[in-house]
Amino acid sequence: MTDCNDLCNKLKIESTEINIYEKAKEYAVDYIKNIDSRCVNPTDKAIEDLSYFIEDFPENGTKTLEILRLLNEYGSPATIAQTGGRYFGFVNGGAIPAALATKWIADVWDQNAALNVMSPVASILEDICERWIVELLGLPHGTAAGFVSGSSAATLCGITAARNYLLKNKGYDVAKHGLFNAPPIRVVLSEEAHSTVFKALSILGLGSERIEKVKSDNQGRIDYTQVPPLDNNTLLILQAGNVNTGAFDNFDVLCKEANEKGAWVHIDGAFGLWAAASNEFSNLTKSLYLADSWSTDAHKTLNVPYDCGIILCKNRKALTDALQMEGSYIIYSEKRDNLLYTMEMSRRARGIELWAALKSLGKNGIKLLVDNLREKAWYFSEQLKNSGFEILNDVCFNQINVYVGDDNITQNIIQIIQKSGVCWCGGAKRAGKSFIRISVCSYKTTYDDIDMSVKAFVEARSKIYNI
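A brief structural summary. (Residues numbered from 1 in each chain as written. Predicted model: local features only at pLDDT ≥ 70, side-chain atom pairs only at ≥ 80, totals over all residues. Heavy atoms only, no water.)

Considering the overall build of the chain
The line we're drawing: A run of H or I in DSSP becomes a helix once it reaches four residues, and a run of E becomes a strand once it reaches two; helices and strands are each numbered from the N terminus. Only C-alpha atoms enter the radius of gyration; for comparison, a globular chain is expected to reach 2.2 Å times N to the power 0.38, where N is the number of residues. Using a 1.4 Å probe on the protein chains alone, a residue whose accessible area is under 20% of its type maximum counts as buried, one over 50% counts as exposed, and one in between counts as partly exposed. In what follows, residue pairs with any heavy atoms lying within 4.5 Å of each other are defined as contacts. To measure how exposed things are, a 1.4 Å probe is used in the Shrake-Rupley method; for residues, cover is taken only from the protein chains shown.
In terms of helices and strands, the chain carries 15 helices and 11 strands. For a compact globule of 467 residues, the expected C-alpha radius of gyration is about 23 Å, and the chain comes in at 24 Å, within 12% of that figure. Judged by the C-alpha coordinates and their principal axes, the chain covers about 70 × 60 × 45 Å. Going through the 467 residues of the chain one by one, you find that 52% of them count as buried. Long-range pairs, those at least 24 residues apart, make up 73% of the contacts in the chain with a sequence separation of at least 6. A total accessible area of about 22,000 Å² is found for the chain, and carbon and sulfur atoms account for 53% of it.

Details of a nonpolar patch on the surface
Here is the rule we go by: Exposure above 30% relative accessible area and no salt bridge define the residues that can form patches, which grow by joining like charges within 9 Å and nonpolar side chains of Val, Leu, Ile, Met, Phe, Trp and Tyr within 5 Å. A pairing counts as a salt bridge when a side-chain nitrogen of Lys or Arg comes within 4 Å of a carboxyl oxygen of Asp or Glu.
Together, I47, L50, F53, I67 and L71 make up a nonpolar patch on the protein surface, roughly 400 Å² of accessible area in all. Structurally, I47 is set in helix α3 (residues 44-48).

Focus on the pattern of salt bridges
This model, assessed by the stated rule, comprises 30 salt bridges. Measuring nitrogen to oxygen at the nearest pair gives 2.8 Å for the salt bridge that ties R69 to E66. Linking R69 with E66, this pair stays in helix α4 (residues 64-75), spanning 3 residues, or about one helical turn. R69 sits in the partly exposed class, given a relative accessible area of 30%. Connected via shared salt-bridge partners are D307, E344, R348, R350 and E353.

Section: the nonpolar core
One recurring pattern in soluble globular proteins: nonpolar side chains tend to sit buried together. This is how it is decided: Put simply, buried Ala, Val, Leu, Ile, Met, Phe, Trp, Tyr and Cys residues joined by side-chain atoms within 4.5 Å make one nonpolar core.
Grouped together as the largest cluster of nonpolar side chains are 53 residues, with contacts concentrated most on L312 and L354. When residues of this core are traced back to their parent elements, those giving at least two are α6 (120-137), β1 (144-148), β4 (234-239), α10 (251-261), β5 (264-268), β7 (309-313) and α13 (351-386). Ignoring any residue separated from it by four or fewer positions in sequence, one finds L354 in contact with C129, I133, F147, A298, L302, V304, C308 and I310.

A short note on the state of the cysteines
The following threshold applies: Disulfides are defined in this document as cysteine sulfur pairs within 2.5 Å.
Inspection of the entire model under this criterion finds 0 disulfides. Just so you know, C423 is unpaired, no disulfide at all, and the nearest cysteine sulfur is the one on C425, 4.9 Å from it. The class of C423 is buried, set by a relative accessible area of 0%.

A closer look at the sheet that holds β5
Convention followed: The criterion for strand pairing is that DSSP finds at least two bridges linking the strands in question. Where helices are involved, their axes are fitted lines through C-alpha atoms of the stretch in contact, as for all axes, and angles between N-to-C directions lie from 0 to 180°.
Across the sheet, which stays open at both edges, the 7 strands sit in the order β1-β7-β6-β5-β4-β2-β3 with mixed pairing between neighbours. Two strands bound the open sheet, and with one partner strand each, they are β1 and β3 (211-214). For this sheet the average axis-to-axis angle between neighbouring strands, irrespective of direction, equals 20°. Bridge count for strand β2 (residues 186-190) against β4 is 4 bridges, and the pairing is parallel. Residue pairing for β4: L189 is matched across the bridge by I237.

Section: the environment of S282
Here is the rule: Counting of polar contacts relies on pairs of N or O atoms within 3.5 Å, with two restrictions inside protein: one atom must be capable of donating a hydrogen and the other of accepting it, and residues adjacent in sequence are counted only when both atoms are side-chain atoms.
Along the chain, S282 turns up in helix α11 (residues 282-285). For S282, a relative accessible area of 42% translates into the label partly exposed. Considered as a pair, S282 and D321 are 39 residues apart in the sequence and their alpha carbons are 33 Å apart. Side-chain polar atoms of S282 contact the backbone oxygen of N279, separated by 3.1 Å.

Details of the packing of aromatic side chains
Here the distance between the centres and the angle between the planes together describe a pair of aromatic rings. Threshold: Each aromatic pair joins two rings of Phe, Tyr and Trp (for Trp, the six-membered one) with centres within 6.5 Å, and gets the label stacked for planes under 30 degrees apart, edge-to-face for over 60, and tilted for any other angle. Note on geometry: a ring has a charge over it if NZ (lysine) or CZ (arginine) is within 6 Å of the ring centre and within 35 degrees of the ring normal.
Under the defined criterion, the tally for this structure stands at 11 aromatic pairs. Aromatic rings pair up to connect F88, F380, F389 and F457 into one cluster. Here the guanidinium or amino end of R336 rests over the ring plane of Y341, the centre of that ring lying 4.4 Å away. A cation sits over an aromatic face here: K376 above Y447, 4.9 Å from the ring centre.

Observations concerning the pairing of β2
Heads up, the rule is: Seen with the strands pointing away from the viewer, any crossover whose path from the first strand over the helix to the second strand runs clockwise is right-handed.
Of all 5 residues in β2, 5 are buried, a share of seventy percent or more. In this fold, β2 hands off to helix α9 (residues 195-203), which returns the chain to β3; that crossover is right-handed.

Comments concerning the packing of α6 against α13
Put simply, the rule is: Angles below 35 degrees are treated as roughly parallel, those above 145 as roughly antiparallel, those between 65 and 115 as roughly perpendicular, and all remaining angles as oblique. The handedness criterion is simple: a crossing whose near helix is rotated anticlockwise from the far helix by less than a right angle is left-handed, and one whose near helix is rotated clockwise is right-handed.
Put simply, α6 and α13 touch, their axes get as near as 9 Å, and they point 30° apart. Considered as vectors, α6 and α13 are oriented roughly parallel to each other. The handedness of the crossing between α6 and α13 comes out as left-handed. Residue-level inspection shows L125, E126, I128, C129, W132, I133, E135 and L136 of α6 in contact with α13, the latter providing G351, I352, L354, W355, L358, K359, K363 and I366.

Digging into the pairing of β4
By the criterion of burial, β4 is predominantly enclosed, with 6 of the 6 residues buried. Residues T234, L236 and L238 of β4 are buried on one face, and the alternating residues L235, I237 and Q239, pointing to the opposite face, are buried as well. Between β4 and its parallel partner β5, the chain crosses via α10, and the hand of that crossover is right-handed.

Details of the side chain of H299
Tracing the backbone through its elements, the reader meets H299 in the loop between β6 (293-297) and β7. Polar contacts involving the side chain of H299 include one to the main-chain amide nitrogen of C308, which spans 2.8 Å.

Remarks on α10
Along α10, the residues classified as buried are F251, D252, L254, C255 and A258. In the core, the buried residues of α10 are packed alongside β4, β5 and α11. If you check the start of α10, you find a side-chain oxygen 3.3 Å away from the backbone N of D252, and it comes from N250.

A few points about the packing of α13 against helix α15 (residues 447-465)
Geometrically, a packed helix pair is captured by the angle between its two axes and the distance between the axes. Convention followed: All residues other than Ala, Val, Leu, Ile, Met, Phe, Trp, Tyr, Cys, Pro, Asp, Glu, Lys and Arg, Gly among them, are scored as polar; the first ten of these are nonpolar and the last four charged.
Remark: α13 packs on α15, axes separated minimally by 10 Å, with the N-to-C direction vectors making an angle of 30°. Taken as axis vectors, α13 and α15 run roughly parallel relative to one another. When the axes of α13 and α15 are compared, the crossing they make is right-handed. Packed against α13, whose contacting residues are E375, K376, Y379, F380, Q383 and L384, the element α15 presents Y447, I450, D451, S453, V454 and F457 at the interface. When the residues that make up the contact of α13 with α15 are grouped by side-chain class, the tally is 7 nonpolar, 2 polar and 3 charged.

Following this line, the structure appears as structure tokens:
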């Protein structure tokens, strides 16, 4: 008992030592101030120095200041500088100041966002986020929103609601009877649907033999002329932003047909859904609002810190029925109880920094943000073209596919670019061609950043071809 009391007292005393938090703030502020001068990719030495963390589990605890020192000295240099202006990989956004600073406060609050009674502030702010996002994207009034870790989880929630709704329309209650004798439902999607969609379908028991894959066109859009006849037994999955090309499916044709036939439409809009915030993209997002559910990430295009995914569902009851949970200890309220809209009960209150981002930017700021990403992507692609590179896709939003040669040449150039530390981008492959994949997703990216990155591309190519 004495040892336990000693430990508790030690932790209590340490929790009030302001110098600990001041030192953490010092390290964090230094990282933010110097992010743009850092190598985007860690150096070989930084990777080697991670060995300082490798040790046997210590018998006794380590002082907090020493832990912070280790993280700053050896952890910080081994990070990818994705919150700077020259990270173009995996559609990872930056972190706008209001949201990042708010996250620091919210982390200190350490709220469990499950129930209103657990965190009234998390409840009200996520309710506000729901209303604002629905209005911003032009979705039907009353659309429900759940705030999850990312669009992978959001897609899983949306498809769960769709599966259960379609089966219920056939007189089958999957929540009561499970899937063992469930009647089949159809799943129609593009052959280029995101891998997380296929993962969600597998988890939910909608295996590969149930899926009807439709060919895509040369930009990665589902070929709407090849979509099989839809009915009220069909889940149709579309994309607002192909993961490689950024292309948007034809929602106007397909959502209208799905609505007429009673099919459920889910739109995977991990980064592209935010285009609906600007009239500049109305040709891409036309009739997007006619879908039944949508998944997206605020930590991509909106530049909210990690992690922040969103599931949106027109039929609130379908979503809450699919994610319902009961327990005698659960205290529901007349206000928003966040656990009804996600798979999780205990989770961090990610809606707090999302609210800060939305309030900081406002409608006009979000419009300018998404417009700016497209303008920068277009400029990037034009500068690459002018430098002799081939662009494989129509740059309709923020994705650029750069062709440099065969698989080996592509991989070698990518490695040279990454090792340079100037910028970071990865590779992908579609239609038999390997290419360098650029995602312009950070508000911090400047034209100077792009010019520096184009120069890194040219220098990498020169090293390969000795020109």
